Amino acid sequence: MSGVFDRLSEASVAKALQELSTPCYVLDEKVIKENGEILSSVQEHTGCRILLAQKAFSNYDLYPALAPYLAGTEASGVYEARLGREEMPDGEVHVFSTAYKAKDLEALFNYADHVVFNSIGQLAVFGPVAKSSGMSLGLRINPECSTQEESHSIYDPCAAGSRLGVTRAQWDKLMTPETFALLDGLHFHTLCEQDAYDLEVTLDAVEEKFGKFLADMKWINFGGGHHITRNGYDVPRLERLIKKFSDKYDLQVYLEPGEACALNAGYLITTVLDVTENNGITNVIIDASAACHMPDVLEMPYRPPLYGAGEGGEKAFPVRIGGPSCLAGDVIGNYSFDKMPRIGDRLIFGDMAIYTTCKNNTFNGMPLPDVHVLHPDSTTTMVAHFGYQDFKYRLGSS
């Protein structure tokens, strides 16, 4: 399992990254493969199948590096399903959407193997056609078991009034024998960057509320949010839970982590543009934006790791780092350094492969960063470059 900046200790890597224009993302192929090896080991030990959740990482140039270790991809709609089918063609393609349009569901029949519905109503309406098209059908359930930290409430599918998944009360009210007969599997997703203990708590709730229906299923999907490749994650506990559940109910178990596939496998390289003082705070302005290039910093929120930096008051020179946009809150976080950053210095943020390139935007006309792949031999390849037309084409017809 790699640490966030392990690769930057290699002189050849440091030299390669120093030569790149900023801001840019760098995706580390070696770390991607290391993550894949851990996930592959879990599959070998348990018989589960692990899918790449493309909502977290969809840089398909790295799919060939991941494909040997995974069972396929998970998608949230037609475009991701098509991407998974085209770029990881030998794998399964699973789709979950909170609600489907009829035309989108029809398009999915060209790409997907498994389709998961979010409501009994949509399963009843669209399930017969999907079933006749050869899809394996699932229903997302809500075990009403919150294990999230309060600061992550935006990511809690089990919060009161959640629109995600069918509760047992909804099931008892709406499920008919005809609709139930359409089902091949059940799906739940309740975790976010969590350990196997939280999965264990959730599985107890799933069994309590929905256990009586599992004997009629062929598969169950434990969803995502499993931080399997993080240092310290309890992999043996995870493997025991999977084996126990699959053996007890004779089910194929699926997991669909996104972060675990690309954890610590990316960097955002930036340059200091200016240093200013205001009311005792030193503001360091860089050429990358939290709002545009690392939106999860504001949405999660969280403070990304920064190479060579400490906590806000840990080292001699505390600073607040922010982006160049007009948004007052375009702040990446409070850090500290052994010496004050200067204009022209490079700053490297870690864990920037996930929820970055797939979520970035051009607010303020901000250019999108180039995307490079860092290969195991320390060479780099640019796989995406963006310019003015990439900004303009989304806004009009000319």
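Definitions and limits used
Residues numbered from 1 in each chain as written. Predicted model: local features only at pLDDT ≥ 70, side-chain atom pairs only at ≥ 80, totals over all residues. Heavy atoms only, no water. Patch = residues over 30% accessible without salt bridge, like charges linked within 9 Å, V, L, I, M, F, W, Y side chains within 5 Å. Areas by Shrake-Rupley, 256 points an atom, 1.4 Å probe, with all protein chains shown as cover. Salt bridge = Lys/Arg side-chain N within 4 Å of Asp/Glu carboxyl O. Helix = DSSP H or I, 4+ residues; strand = E, 2+ residues; numbered from the N terminus. Buried < 20%, exposed > 50% of the residue type's maximum accessible area, 1.4 Å probe, protein only. Axes fitted to C-alpha atoms, helices over the stretch in contact; angles between N-to-C directions. Parallel < 35°, antiparallel > 145°, perpendicular 65-115°, else oblique. Left-handed = near helix turned anticlockwise from the far one by under 90°. Contact = heavy atoms within 4.5 Å. Nonpolar A, V, L, I, M, F, W, Y, C, P; charged D, E, K, R; others polar. Expected span 1.5 Å × (residues − 1). Polar contact = N/O pair within 3.5 Å; in protein donor to acceptor, adjacent residues only side chain to side chain. 1 Å grid on protein atoms, 1.4 Å probe; cavity = no way out; pocket = protein on both sides within 12 Å on 5 of 7 lines; lining within 4 Å. Points joined across faces, edges and corners; volume = space filled by probe spheres on them. Phe/Tyr/Trp six-rings, centres within 6.5 Å; stacked < 30°, edge-to-face > 60°.

As for a nonpolar patch on the surface
Judged by side-chain polarity, Leu298, Leu327 and Phe363 come together as a nonpolar surface patch covering roughly 240 Å² of accessible area. Along the polypeptide, Leu327 turns up in the loop between β12 (317-322) and β13 (331-337). According to the relative accessible area criterion, Leu327 is partly exposed, its value standing at 38%.

Some remarks on the packing of helix α9 (residues 196-210) against helix α10 (residues 235-249)
Axis separation between α9 and α10 bottoms out at 9 Å; the angle between their running directions is 20°. As summarised for this structure, α9 and α10 are arranged roughly parallel, according to the angle between their axes. The two elements α9 and α10 meet at a crossing, and its hand is left-handed. When α9 is examined against α10, the residues Ala196, Tyr197, Leu199, Glu200, Leu203, Val206 and Glu207 are found in contact with a partner set consisting of Arg237, Leu238, Leu241, Phe245, Lys248 and Tyr249. Classifying every residue of the contact of α9 with α10 gives 9 nonpolar, no polar and 4 charged.

Let's talk about helix α2 (residues 29-46)
For α2, spanning 18 residues, the distance from its first C-alpha to its last is 26 Å, which sits close to the expected 26 Å at 1.5 Å a residue. For α2, the complete set of buried residues consists of Glu29, Val31, Ile32, Asn35, Gly36, Ile38, Leu39, Ser40, Val42, Gln43 and Thr46. Buried residues in α2 make contact with β1 (24-28), β2 (49-53), α3 (63-66), α10, α11 (259-262) and β15 (370-374). Among the residues of α2, the N-terminal cap falls to Asp28, whose side-chain oxygen and the backbone nitrogen of Lys30 are separated by 3.1 Å.

Thoughts on the layout of surface pockets
Taken as a whole, the largest pocket spans an internal volume of roughly 830 Å³. Of all the elements in the fold, those that place two or more residues in the lining of the largest pocket are α11 and α13 (296-299). Its residues placed into classes, the lining of the largest pocket shows 13 nonpolar, 11 polar and 11 charged.

Notes on the pattern of salt bridges
It is possible for side chains bearing opposite charge to pair when their charged atoms get close. Under the criterion given, the structure shown has 20 salt bridges. With a closest N to O distance of 3.7 Å, Arg303 and Glu311 form a salt bridge. The partner of Asp338 in a salt bridge is Lys315, and the shortest N-O contact between them spans 3.6 Å. Within this pair, whereas Asp338 is found in the loop between β13 and β14 (346-350), its partner Lys315 is found in the loop between α13 and β12, the two being separated by 23 residues in sequence. Residue Lys315 is classed as partly exposed on the basis of its relative accessible area, which comes to 25%. Overlapping salt bridges, with partners in common, bring together Arg7, Glu10, Asp28 and Lys30 in one network.

Details of empty space enclosed by the protein
Overall, the coordinates contain 1 cavity of 30 Å³ or more when judged by the stated rule. Size it by volume and the largest cavity reaches roughly 30 Å³. Taken together, Arg140, Ile141, Asn142, Pro143, Pro157, Cys158, Leu164, Phe188, His189 and Thr190 make up the lining of the largest cavity. The residue inventory of the lining of the largest cavity, partitioned by class, reads 6 nonpolar, 3 polar and 1 charged.

Section: the packing of aromatic side chains
One pair of aromatic rings is described through two measures. These are the centre distance and the angle between the planes. In the structure shown here, the tally under the stated rule is 12 aromatic pairs. Judged by centre distance (6.2 Å) and plane angle (50°), the rings of Tyr388 and Phe391 are tilted. Of this pair, Tyr388 and Phe391 both sit in helix α14 (residues 388-392), 3 residues apart, which is roughly one turn of that helix. The class for Tyr388 is exposed, based on a relative accessible area of 53%. Taking relative accessible area as the criterion, Phe391 reaches 26% and is therefore assigned partly exposed. Joined through ring pairs, the aromatic side chains of Trp171, Phe180, Phe210 and Phe213 make up one cluster.

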